[in-house]
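# Coordinate analysis (summary)
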Amino acid sequence: MKTTFIFFLCCIFWASSSQAQPVPLKWEPVAPGIWKATIGQPDKVDLLGTAGGSPRQEALQKLGERTFPLQPAGCNAEIRDGKVYLRFPLQEEEQLFGLGLQFKTVNRRGQVLNLHMDHYGGNDNGRSHAPVPFYVSSKGYGVLVNSARYITVYAGTGVRVNSEHPPKVYDRNKDADWSAQPYSDVVEMLVPATGTEVYVFAGNSPMEAVQRYNLFNGGGALPPKWGLGFTHRMPTLSTADQVKAEAGAFKEHGFPLDFIGLEPGWQTKAYPCSFEWDKTRFPDPAGFVKEMQAKGIRLNLWLNPYLSPASSLYESAKPLSGSHTVWNGLVPDLTMQPAQNLYKQLFKKQHIDIGVSGYKIDEVDGFDDWLWPDVASFPSGTSAEQMRQLYGVMMQRATTAWFREKGVRTYGLVRASNAGASSFPYVIYNDYYNHRDFITAMCNSSFIGVLWTPEVRASKTAEEWLRRMQSACFSPMAMLNAWADGTKPWSFPEVEKQVKDVALLRMQLFPYLYTTFSQYYLEGKPPVRAMNLVEGFSFQQQSEKTALDGTNNPYQLALRADVKDQFMLGDDLLVAPMFAGETERKVILPRGKWYDFYTGEYVGSGDVIIAKPGLDKIPLYVKDGGIIPMIPPVLHTPAPGEQLALELRHYGEAESTSLVYDDDGESYGYEQGKYMQYRVAAKKDKHGKWQGQVVTENKPGLKPAYKDIKWRFMTQEQK
Ligand code: GAL
């Protein structure tokens, strides 16, 4: 009682004394290169606690200690009006990345964002499917606010009267350099809560800060092998027979397929959902799932988490649900174990125990006008706002755990995520359907520990269809979502061959993709990487000035050039998607020599090149010394125990060593070290002739996945 009273007094003192003067944050180290500060009285429910990741201590130790990356005196907080105001320093040439899954821009400096869970609406204003309050600086550190509130971030916009680095004063009447955004030396954040935790992640590069962030949250997800194959989603009212026929058609067309998604009509009721099989369309769900599995095809089930009044669970779920419905469905309070258990029993019995491989968790992002409103209440006392920020994460965590209990990995889709969720095997998607912006979202996903798929649905032309398919095949999930249109990969016969070629190329690249994902788990390196995370990439941001005229808003921000239409997939492969209507594009190559993936030809070093790939190809470039492991063009990713031939393609002039990762592909054994890494090395002998070496790690109980390992020295073949 006494201590509570003293604490209370301290809080009042802290709060009132901070009115005049913001207080420097007090940092405590929590892992090598990671610090935490606590301000005021944080909410019981926060982002990291809800995601529940355990830091990957060993991997963090490997990254090592670093000094605190910011000027401690510049990191301040104050509490006013029961809200937290945070301030972090910003240097002149610093660029900022992250702050949610945005679709139009990459560099956040100069933006104001209200990080609010929502369906992306066409503006980078903070409303997004993953409003992650984590920013990464080009100086190589990251800042996370661990609060599940709608946080407003002024990412280098505010200018304080007492700033130590005041901007130059311009006179708009005379100075052409006048800007509506004078220089700001601060990131300021408003957290509408009485307290919060803040974390700082150090690094000697932006990538290292991202690695620490991901590793602190449990590391990145490692999908099962089948998750990296091709996936197709059925029209919403499909029957079991139609699904079987579709799988047959894929085989006939020689098109790869690893898992099929069933859309809302697999259930007796949808929007809101019953989660029970519709027996008119699926008379024998268990038999059906088994039959598909025998063909090498897994099943993924669409759902939204809102419970139908027709469900047998409805009455028991009522006291465990929020005050408001979504489409007349209950919204269970998933912060409460009993609410989770209700779903767990049903989902296990109806889906997981019969072999369903994963879920597509839809509608957890919401649109304000149909989701529960912010005035809603929930039985646990968690606010509607926090529920909105967290529902997608709670669904990911719960479902991942249910598959884990069965000992199998899952890989699914979700429309909402947040901080701390990198270890969940879920990929974000949406209905926005802008190809170019989908690629920008891929870039942005890499800063904030989430995965994103630029799914393909339909297209106006064969060219657009092919260009979209090419991008999808170089993403975390290669997906055709035909839920509305019933499109097939071969829907445009003019480009059927090219679509098939790129899908088969993805299959061939399976060992490379799987190795890349293993880095996400083992080292925290995201599989898709924005160029700003890549070593040797330098690009000066430029603003385009517009002259004043009578129609343009004179306060409008100058347009900034971002690199947001190309990215790295793993360590060695640079992907530069083409968009419909384009016959050529600019590609910015990082420092060091780069080679054409298809031919092995040298293309440039640190240059801006023009790619003219023709319609058939997506431009792909390999770093000097890159070794790309490939298998034959199979229709399914390797099954457990299956052995395939491996081709190791070496590019460029540099001698190099690389690792090829493998494990059983479906269990969690890798977490206990049950995985192997082939050490592959390309070296020149004393006659200048290339030689390849492969050292296979011997791990008891693991059968090598690759046999007949052959080398190809792609650049040498050119000569
Ligand atoms: C949308 C979703 C689509 C599809 C559809 C089915 O909300 O984004 O991918 O699943 O629902 O009704």
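Rules and cut-offs
- Residues numbered from 1 in each chain as written.
- Predicted model: local features only at pLDDT ≥ 70, side-chain atom pairs only at ≥ 80, totals over all residues.
- Heavy atoms only, no water.
- Helix = DSSP H or I, 4+ residues; strand = E, 2+ residues; numbered from the N terminus.
- Rg over C-alpha atoms; globule rule 2.2 N^0.38 Å.
- Buried < 20%, exposed > 50% of the residue type's maximum accessible area, 1.4 Å probe, protein only.
- Contact = heavy atoms within 4.5 Å.
- Near = heavy atom within 4 Å.
- Polar contact = N/O pair within 3.5 Å; in protein donor to acceptor, adjacent residues only side chain to side chain.
- Areas by Shrake-Rupley, 256 points an atom, 1.4 Å probe, with all protein chains shown as cover.
- Pairing = 2+ DSSP bridges.
- Axes fitted to C-alpha atoms, helices over the stretch in contact; angles between N-to-C directions.
- Domains from an automatic or database assignment.
- Buried area = accessible area lost by both parts, 1.4 Å probe.

### Some remarks on the overall build of the chain
- Within the chain, the secondary structure is distributed over 14 helices and 37 strands.
- For 719 residues, the compact-globule formula gives about 27 Å, and the C-alpha radius of gyration of the chain, at 26 Å, lands near that figure.
- Across its three principal axes, the chain shows a C-alpha extent of roughly 70 × 70 × 60 Å.
- Relative to its 719 residues, the chain shows a buried fraction of 59%.
- Looking at the chain alone, contacts between residues at least 24 apart form 74% of all its contacts between residues at least 6 apart.

### Considering the site of the ligand
- Glu263, Lys360, Asp362, Arg415 and Asp431 are the nearest of the 13 residues found near the ligand.
- Take Asp362: an N or O atom from its side chain is 2.7 Å from an oxygen atom of the ligand.
- Residue Asn481 places a side-chain N or O atom 2.9 Å away from an oxygen atom belonging to the ligand.
- Out of a free accessible area of 310 Å², the ligand has 94% covered by protein chains.

### With respect to the sheet that holds strand S8 (residues 127–128)
- Here 7 strands make up an open sheet; going across it, the order is S1-S4-S5-S12-S11-S7-S8 and the pairing mixed. The open sheet has two free edges, formed respectively by strand S1 (23–24) and S8, since each of these has just one partner strand.
- The sheet contact formed by strand S7 (residues 111–117) and strand S11 (residues 151–155) spans 5 bridges and is antiparallel. In the sheet register, Val112 faces S11, and the bridge partner there is Tyr154.
- Packed onto the sheet, helix H9 (residues 384–406) meets S7 and S8 and runs at close to 80° relative to S7.

### Description of the pairing of strand S34 (residues 656–662)
- Where burial is concerned, most of S34 is hidden: 5 out of the 7 residues are buried.
- Bridging between S34 and strand S35 (residues 676–684) involves 7 bridges; their strand directions are antiparallel. Bridge pairing links Thr657 to Ala681 in S35.

### Overview of the domain arrangement of the chain
- Domain annotation of the chain identifies domain 1 (13–216), domain 2 (225–435 + 450–516), domain 3 (528–541 + 550–623) and domain 4 (627–718).
- A separation of 32 Å is found between the C-alpha centroids of domain 1 and domain 2.
- Facing the 32 residues of domain 1 at the interface are 32 residues of domain 2.
- Together, the buried faces of domain 1 and domain 2 total about 2,700 Å²; carbon and sulfur atoms form 57% of this surface.
- For domain 1, the biggest contributors to the area lost against domain 2 are Met117, His119 and Tyr150; these three give 25% of the whole.

### Things to note about the pairing of strand S2 (residues 28–31)
- Relative to strand S3 (residues 34–40), S2 runs antiparallel, the two sharing 3 bridges. Looking at the pairing, Ala31 lines up with Ile34 of S3.
- The turn joining S2 and S3, which pair antiparallel and follow one another in sequence, is formed by 2 residues; a positive phi near 75° is taken by Gly33.

### Considerations on the sheet that holds strand S10 (residues 141–145)
- Pairing within the open sheet is antiparallel, and its 6 strands lie in the order S2-S3-S13-S10-S9-S6. The strands lining the two open edges of the sheet, one partner per strand, are S2 and strand S6 (96–98). Averaged over all adjacent pairs, the angle separating strand axes in this sheet is 25°, with direction ignored.
- Here S10 pairs with strand S13 (residues 195–202) via 5 bridges, running antiparallel. If you follow Val143 over to S13, its bridge partner there is Val200.
- Packing against the sheet, helix H4 (residues 206–216) makes contact with S2, S3, strand S9 (134–137), S10 and S13, and its axis sits at approximately 130° to S13.

### Remarks on the side chain of Asn107
- Within the secondary structure, Asn107 sits in the loop between S6 and S7.
- Look at Asn107 and you get buried, because its relative accessible area is 3%.
- Here the side chain of Asn107 touches Leu96 through a polar contact of 3.2 Å, landing on its backbone nitrogen.

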